[in-house]
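Each chain is listed here by its residues.
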2 protein chains.
Amino acid sequence: MPEPHPADAPTGPRQAGEGPLVIKAGGGKSLDLDAIASDVAELFNSGRAVVLVHGGAETTNEVAEQLGHPPQFVTSESGYSSRRTDRRTLEIFEMVYCGLLNKRWVEQLQRRGIPAVGLSGLDGRLFEGRRKDKLRIRVGARRLVLRDDWTGTVERVNTELLRLLLDGGYLPVLTPPGSSFNGEAVNVDGDRAAAAVAGALGASTLVYLSGAPGLLADFPDEASLISRLDVARDELTGPEAHAGLEPLMAAAQDRMKKKVLGAAEALRGGLSRVVLADGRIERPVRAALEGAGTHVVVRSSVTSHGAAEATR
Amino acid sequence: MPEPHPADAPTGPRQAGEGPLVIKAGGGKSLDLDAIASDVAELFNSGRAVVLVHGGAETTNEVAEQLGHPPQFVTSESGYSSRRTDRRTLEIFEMVYCGLLNKRWVEQLQRRGIPAVGLSGLDGRLFEGRRKDKLRIRVGARRLVLRDDWTGTVERVNTELLRLLLDGGYLPVLTPPGSSFNGEAVNVDGDRAAAAVAGALGASTLVYLSGAPGLLADFPDEASLISRLDVARDELTGPEAHAGLEPLMAAAQDRMKKKVLGAAEALRGGLSRVVLADGRIERPVRAALEGAGTHVVVRSSVTSHGAAEATR
């Protein structure tokens, strides 16, 4: 197992110079909300500045079914699966992410005495970026263009508002949607939004919690966990969004692809460590910081070149 | 028509000493969201500090029906109608108030370039108070106690967090639920929460916007608008929550009763003016500040005693 990162050891009172810890909790139902909230509370109480970002896809699908507007998924030209977001879907998305789940996380933390403040990326334009009103998709071999879609990509994070809250002693709990440059609500990917937040805030570490122990070389065999990938900073600059992380992208299934993309974006954004870890266990964040899960680490040597090594 | 209140004239840049304007927009579907958002944006851009509080009862009822958990209303011992809030109802309430409607208001303002930030009373415990886990109700002549209820009353407002946002140049958009002293989400009344916010922030004025021109002496005859009630500060201190405002309480129907209670609480909290005004018209807030609606005004004379006068 990799060694704990020194910056991740709990410190005393939160210090201005230290970047916060950014945690992204997925929206899968196998995650242990109680364990995550308790662990976040423990870290916060030990003096860490923490930002929690959460998902909610699984519950959104359920509520959309209940409301008679079942989810539709499309495959983008570049091969990623995403939700088709018409206006009604965006509203259901907001109900579940910003209403039900964001307030559930805030309540879980408030019950533990933590001054959590829940915000969407629309609030204060925390997550801001271009709206893709035309979505280019593929259906089999055919390429199509969908209109009336409300999705976007985070290009800018309102760090001023986040710092205002962090300096005020609050724990921000963030969720999609984001805001277009025109102030419209747009569905943005939570994993990549968390990466943008981590990069913009100069976070010490970004931890992705999901319903798996980390990245599996041989999915779904949990014994095939890839425990560490070392990558040089200059391997992160290729034209592909996941440059330098090919061994992980090759192994990633479904939603894990977005976390690998997010990891690459966070490392490009200046982080030196991203962990893909298990959100189903006790003390999941501290376990990740102590070495569990898949650690993606920027090699400190400036002379290292050559391919990234994946170790098992 | 009463004269405009000097403190309500738009000023230059927001000044630290001046209390903000607090606006409560009801949840009725007859309200003109576009007109309210444009007016709020205009006031904000003219230099006013503004806090917007919104409701959402009508939409919550619809969504609760769609989700197969229709609303139940109960009559409290003191004769007010309130929503029965079991845990499932609380979740639907959060979906609609914090998700769908809060983000709709924030988006409406963001599209007009206003740095709106949407928060519930649970976030940072903005609205904090006792949870009434036993709800004493009456059904006809019988008195019953309901358990597993998630309602409460706002006793404390986190002004520190609101000032942080106001001083940072943001426009807070607030909504129930609130937080119990244990950090549990509790359904609190939005009209009374707005009054608590206005009192705690030393607001210049509180404006209630609803689907009526103000308080009607002879409901539903809109020509019977009560345009002004003057009340002395020492008439506001009786044992009844609405002390001093009996002429209004006598005329109020249904939800208007809560606004009269809120008005009394805001005046007790130190405000000198509360306006019950029409949310269905163009420039609804400025019309209210310029004299439209029902103005409840604390008489400046310290020697005045005797009954409040209602003028038509």
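For the structure given in this document, a descriptive report is provided here. (Residues numbered from 1 in each chain as written. Chains lettered and ligands numbered in written order. Predicted model: local features only at pLDDT ≥ 70, side-chain atom pairs only at ≥ 80, totals over all residues. Heavy atoms only, no water.)

A short note on the overall build of chain A
Of regular secondary structure, chain A possesses 8 helices and 19 strands. Its C-alpha atoms give chain A a radius of gyration of 18 Å, within 12% of the compact-globule value 20 Å for 312 residues. A principal-axis box enclosing the C-alpha atoms of chain A has dimensions of 50 × 45 × 35 Å. Surface summary for chain A: the accessible area is close to 12,000 Å², and the carbon and sulfur share equals 49%. Counting 38 positive and 40 negative side-chain charges, chain A places the centres of these two groups 4 Å from one another. (Helix = DSSP H or I, 4+ residues; strand = E, 2+ residues; numbered from the N terminus. Rg over C-alpha atoms; globule rule 2.2 N^0.38 Å. Areas by Shrake-Rupley, 256 points an atom, 1.4 Å probe, with all protein chains shown as cover. Lys, Arg positive; Asp, Glu negative; His and termini not counted. Charge placed at Lys NZ, Arg CZ, Asp CG, Glu CD.)

A short note on the pairing of strand 12 (residues 171-175) of chain A
Residues and elements named next belong to chain A. In terms of residue burial, strand 12 counts as a mostly covered element, since 5 of its 5 residues are buried. With burial as the criterion, each face of strand 12 is covered, one bearing Leu-171, Val-173 and Thr-175 and the other bearing Pro-172 and Leu-174. Strand direction decides the pairing type here: strand 2 (residues 50-54) and strand 12, joined by 2 bridges, are parallel. Each residue of the ladder has a partner; that of Val-53, found in strand 12, is Leu-174. (Buried < 20%, exposed > 50% of the residue type's maximum accessible area, 1.4 Å probe, protein only. Pairing = 2+ DSSP bridges.)

A few points about the environment of Arg228(B)
Summarising the element assignment, Arg228(B) is placed in strand 16 (residues 228-231). Separated by 186 residues in sequence, Arg228(B) and Glu42(B) place their C-alpha atoms 26 Å apart.

Considerations on the relation of the copies chain A and chain B
Least-squares fitting of chain A to chain B yields an RMSD of 0.0 Å, with the superposition described by an axial translation of 0.0 Å and a rotation of 180 degrees. Expressed as an axis order, the relation between the two copies is that of a two-fold axis. Interface residue correspondence from chain A to chain B reaches 100%, placing this contact among same-surface, isologous pairings. (Least-squares fit on C-alpha atoms with pLDDT ≥ 70 in both. Contact = heavy atoms within 4.5 Å.)

Observations regarding the interface of chain A and chain B
In this complex, chain A contributes 39 residues to the contact, which on the side of chain B involves 39 residues. Summing the contributions of chain A and of chain B, the shared interface buries around 3,200 Å²; its carbon and sulfur component is 56%. Among the residues of chain A in contact with chain B, Met95(A), Lys103(A) and Glu107(A) are the three that bury the most area, contributing 18% of the side total. Along the contact surface separating chain A from chain B lie 8 salt bridges. As a salt-bridge pair, Asp123(A) and Lys103(B) come within 2.8 Å of each other at their nearest N and O atoms. Across the chain A-chain B interface, the total number found is 20 residue pairs in polar contact (both at pLDDT 80 or more). (Buried area = accessible area lost by both parts, 1.4 Å probe. Salt bridge = Lys/Arg side-chain N within 4 Å of Asp/Glu carboxyl O. Polar contact = N/O pair within 3.5 Å; in protein donor to acceptor, adjacent residues only side chain to side chain.)

As for the side chain of Lys103(A)
Tracing the sequence through the fold places Lys103(A) in helix 3 (residues 87-111). There is a polar contact of 2.8 Å between the side chain of Lys103(A) and the side chain of Asp123(B). When sequence neighbours within four positions are dropped, the list of residues in contact with Lys103(A) reads Cys98(A), Gly118(A), Glu94(B), Cys98(B), Ser120(B), Leu122(B) and Asp123(B).

Considerations on the pattern of salt bridges
Evaluation of the coordinates by the stated rule reveals 52 salt bridges over all chains. Of the charged contacts, one joins Arg255(A) and Asp191(A) as a salt bridge, the two residues approaching to 3.1 Å between their closest N and O atoms. With Arg255(A) in the loop between helix 6 (246-251) and helix 7 (256-268) and Asp191(A) in helix 5 (residues 190-201), this pair connects stretches of sequence that are 64 residues apart. Under the relative-accessibility criterion, Asp191(A) is labelled buried at 0%. Measuring nitrogen to oxygen at the nearest pair gives 2.7 Å for the salt bridge that ties Arg84(B) to Asp149(B). Of this pair, Arg84(B) sits in the loop between strand 4 (81-83) and helix 3 (87-110) while Asp149(B) is found in the loop between strand 9 (142-146) and strand 10 (151-152), placing the two residues 65 residues apart along the sequence. Relative accessible area serves as the criterion here: at 15%, Arg84(B) is assigned to the buried category. A relative accessible area of 0% means that Asp149(B) is categorised as buried.

As far as function goes, none of this settles anything; it's purely spatial.
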